[in-house]
Amino acid sequence: MSSPSERYAAARDAADHPETAAFTARQRFSLDPFQVAGCHALERGRSVLVAAPTGAGKTIVGEFAIHLAMQTPADKAFYTTPMKALSNQKFRELVDVYGADQVGLLTGDTNINGNARIVVMTTEVLRNMIYADSPALRDLRYVVMDEVHYLADRFRGAVWEEVIIHLPRHVRLVSLSATVSNAEEFGDWLDTVRGDTEVIVSEIRPVPLEQHVLVRDDLLPLFDDRAGLATSKVNQELMRIRSFTGSTYESNRRAQSYRSARHAGRQAPRPQRGGHRPNARRIERMDRPDVVRLLERSNLLPAIFFIFSRVGCDAAVQQVRRSGLRLTSTEERREIRAIVEERTRSLQDEDLGVLGYWEWLENLERGVAAHHAGLLPAFKEVVEELFQRKLVKVVFATETLALGINMPARTVVLEKMEKFNGEARVAITSGEYTQLTGRAGRRGIDVEGHAVVQWTEGMDPQAVAALASRRTYPLNSSFRPTYNMAVNLIDLFGKTRARQILESSFAQFQADRAVVGLARQVRDAEESLAGYQKSMQCDHGDFAEYGAIRRELSDLEKKNRQDGQAPRAARDKRMRRIQSLRTQLQRHGCHRCPDREAHARWAERYWKLKRQTDRIRRQIETRTGTVARVFDRVVEVLEHLDYVTEQDGETALTDAGRTMRRIYGERDLLVAESLRQGLWNGLDAPSLAAMACCLVYEPRRDESGTGERGLPRGAFRTAYERTTTLWAELDDLEKDHRLPGSEPLAAGLAGPMHEWARGGLLDRVLIDADMAAGDFVRWAKQTIDLLDQLSIVAEDAALARTARTALDGVRRGIVAYSSM
């Protein structure tokens, strides 16, 4: 029972923050201190950055922002996520709270109730809305940016910074991030570019994490907790196993008694050891089905096994299946089948066979599944739903599962502490370890979560402990100016202002924190200079010109008085200039103005501030200036190709530049130039789909991506060759302007995409593509996105119609399927 003083403090807090109190009362659990602090900051009218571990409940603060918007008659709230799957999940949650009429969803290929007061969207959609000055931004009060640490993503991260920089200043920003080691630095940048931002960092996991090492069939604690209290000291038993000094670990009496004590006191019981003794030189690893049985007996399911390859995930499911292991009851199997059939009823029977549906369903009914990017998105969503409902007990997943999706488990198992990064096997970082093990422990269900690392030959327990103890996950900007960004900024703000805006990016902030503050001083000074100019306007002439003459005259007269030792010739020259300036001053129209001295006072303030501003500009120029210099090079390329032009000293867009405003993607310049040169005019719909695929497809490292075997024949080949030639010319131009250029076109998927757009059968297309269904769907959706842009921006009406026909040809079957 709380004390009188605590009750008084709670009452006072509720009186000071009534909306937080009302919102908290509706929750099923009491809010943690960091959640309360975030809500209080929003209620005080501030923006907020919340950095907390995975599963800690950061989204509560975002949901409170939506609550605040809905307390007014018209305010809107946008909730942005980095992935369509996350957007779909959040959309469903918010519909449950506010009703379908109040909540919308915009994810590029899905548009539901886009004018609602609450709209969930991918971050790119919001960026595009800002550049288009969409009327949907009217009455926007709050923007929640979930998983804002995605701005470190080298492909998409710049979008997050674009949104943060360009959102109207009155919009309150709720930034939700995983625990990063430089949250304060990121918060300082947000405060600089957005103003009045409170940084709230929580290192506390809502569910404590127990860390184990699985040595054959024994779960040993990673840290020494013999006294009942976990310490940062590595379990000495693990160190002895590594060194193999003395007898083997199984015959070590001390280890036996230690395990017996833990068995007696632990809530999750430890399995009994068999009589087999391993060879002293080598510790055999348990087979995956045996590890699953061990976790089941120890009451440590549901579990996620992180395996850093898709093939490994699928093989693990097959291993469990062959072992005959079944983790579900009859009733659970019946429920699983009903959910799966309901979620997949839109798929055609012939496609189900190609997708391995029946085997997948049988594995689900056993309570086991794989989760990776090669799976059909619909199948992944079903796995996520069944796992959340505790019907699937074990998921073998790649590390992509650790990002974003709400799919916590009781236990996370890491089979290896290294992964293949495309070039070599490398050890996982402490940030990756934190992200992966962050899935362990379900709030409100588990007393503690469990992270299990399987023993491997040569493992160093000290190194594992260091990974588990460290919180080094720095957030580094991936921001770089693109052609699309440049034309949009120039159109909205002009070249000079656009350059200053880019000086405010997090990339520049990290390169030289001072430049952001200096750039903001310049922007503030420019507003004041504009006001001074207005105040010193004179009906008799240009007072800025008059003030410049007066100022130069004053400076020369002062110098003449102080510099009596100057050579005679220099003094004579100075006197001639002084006399000339006096004559100009007396003849100037403003010299006869009755309000001359009042104007002069404003002019004095103007010139004083201008001198200071020019000095700050020079400081910015001498600092790193990396982002602005890249922007200048991008603009030079655009000028060379006539996308922008100089008019009366100002940079303006040409018609081609205005078209490029609406072309988004890595190959924005190549797409714009191809359209302008008419390289794709006359292509039929399947050929245009294949061409769009060549522009978005990125082959695996072991593919060349440029071979012509299997390319569609006829007009496509001519268009492809001309587009490839154009790419080479643009690549040379970019390198001439010290820009990095781009990768060659990749035609590896052109044939299968052409076949699919013609109505080809799924099994034939997947065989020709030599890829998993999930991968094909992902590239097909990116192809659709580009075709959609072409149908809007193409000036050739026939090409625009062909793009729409091609889009419809690609968006069918498994590509069109959506759970929304």
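Residues numbered from 1 in each chain as written. Predicted model: local features only at pLDDT ≥ 70, side-chain atom pairs only at ≥ 80, totals over all residues. Heavy atoms only, no water.

### Things to note about the confidence of the model for the protein chain
Overall, the prediction assigns the protein chain a mean pLDDT of 85, with 88% of residues at 70 or greater. Across residues 245-280 the pLDDT falls below 50, and counting only partners more than four positions away or on other chains, this stretch makes 61 contacts in the model. (pLDDT = per-residue confidence, 0-100. Contact = heavy atoms within 4.5 Å.)

### A closer look at the state of the cysteines
Cysteine pairs can be covalently joined through their sulfur atoms, and such a bond is termed a disulfide. The tally for this structure, following the rule as stated, stands at 0 disulfides. Free cysteine Cys593: the closest other cysteine sulfur is in Cys538, separated by 3.6 Å. Residue classification places Cys593 among the buried residues on the basis of a relative accessible area of 8%. (Disulfide = S-S within 2.5 Å. Buried < 20%, exposed > 50% of the residue type's maximum accessible area, 1.4 Å probe, protein only.)

### Considerations on helix H5 (residues 84-98)
Count 3.6 residues to each turn of an α-helix, and residues three or four apart come out pointing the same way. Taking 1.5 Å as the rise per residue, H5 with 15 residues should run 21 Å; its terminal C-alpha atoms sit 21 Å apart, in good agreement. Among the residues of H5, those classed as buried are Leu86, Ser87, Asn88, Gln89, Lys90, Phe91, Leu94 and Tyr98. Of the surrounding elements, those touching the buried residues of H5 are helix H4 (59-70), strand S2 (76-81), strand S3 (103-106), strand S4 (111-112), strand S5 (118-122) and helix H16 (377-388). (Helix = DSSP H or I, 4+ residues; strand = E, 2+ residues; numbered from the N terminus. Expected span 1.5 Å × (residues − 1).)

### Considering the packing of aromatic side chains
Tallied over the full model, the rule gives 17 aromatic pairs. With 5.8 Å between their ring centres and 25° between their planes, Phe186 and Trp189 make a pair best called stacked. One end of the pair is Phe186 and the other is Trp189, both in helix H8 (residues 183-194) and 3 residues apart, which spans about a single turn. Judged on exposure class, the residue Phe186 and its partner Trp189 are both buried. A ring pair is formed by Tyr532 and Trp602, whose centres lie 5.7 Å apart and whose planes are at 40°; its orientation type is tilted. Of the two residues, Tyr532 sits in helix H22 (residues 513-535) while Trp602 sits in helix H25 (residues 596-622), which places them 70 residues apart along the sequence. With a relative accessible area of 22%, Tyr532 lands in the partly exposed category. Using a relative accessible area of 29% as the deciding quantity, one classes Trp602 as partly exposed. An aromatic cluster is present here, built from Phe186, Trp189, Phe506 and Phe509 joined pairwise through their rings. The residue whose ring lies beneath Arg676 is Tyr643, and the NZ or CZ to ring-centre distance is 4.4 Å. (Phe/Tyr/Trp six-rings, centres within 6.5 Å; stacked < 30°, edge-to-face > 60°. Lys NZ or Arg CZ within 6 Å of the ring centre and 35° of its normal.)

### Overview of the sheet that holds strand S9 (residues 209-215)
Reading across from one edge, S10-S9-S17-S14-S11-S13-S12 is the order of the 7 strands in this open sheet, with mixed pairing throughout. Among the strands making up the open sheet, the edge pair consists of strand S10 (218-221) and strand S12 (368-371). On average, each strand axis in the sheet is inclined to that of its neighbour by 25°, with strand direction left out of account. (Pairing = 2+ DSSP bridges. Axes fitted to C-alpha atoms, helices over the stretch in contact; angles between N-to-C directions.)

### Quick look at H4
Here H4 spans 17 Å end to end across 12 residues, near enough to the 16 Å set by a 1.5 Å rise per residue. Extensive coverage of H4 is indicated by the burial of 11 of its 12 residues. Listing the buried residues of H4 in full gives Ile60, Val61, Gly62, Glu63, Phe64, Ala65, Ile66, His67, Leu68, Ala69 and Met70.

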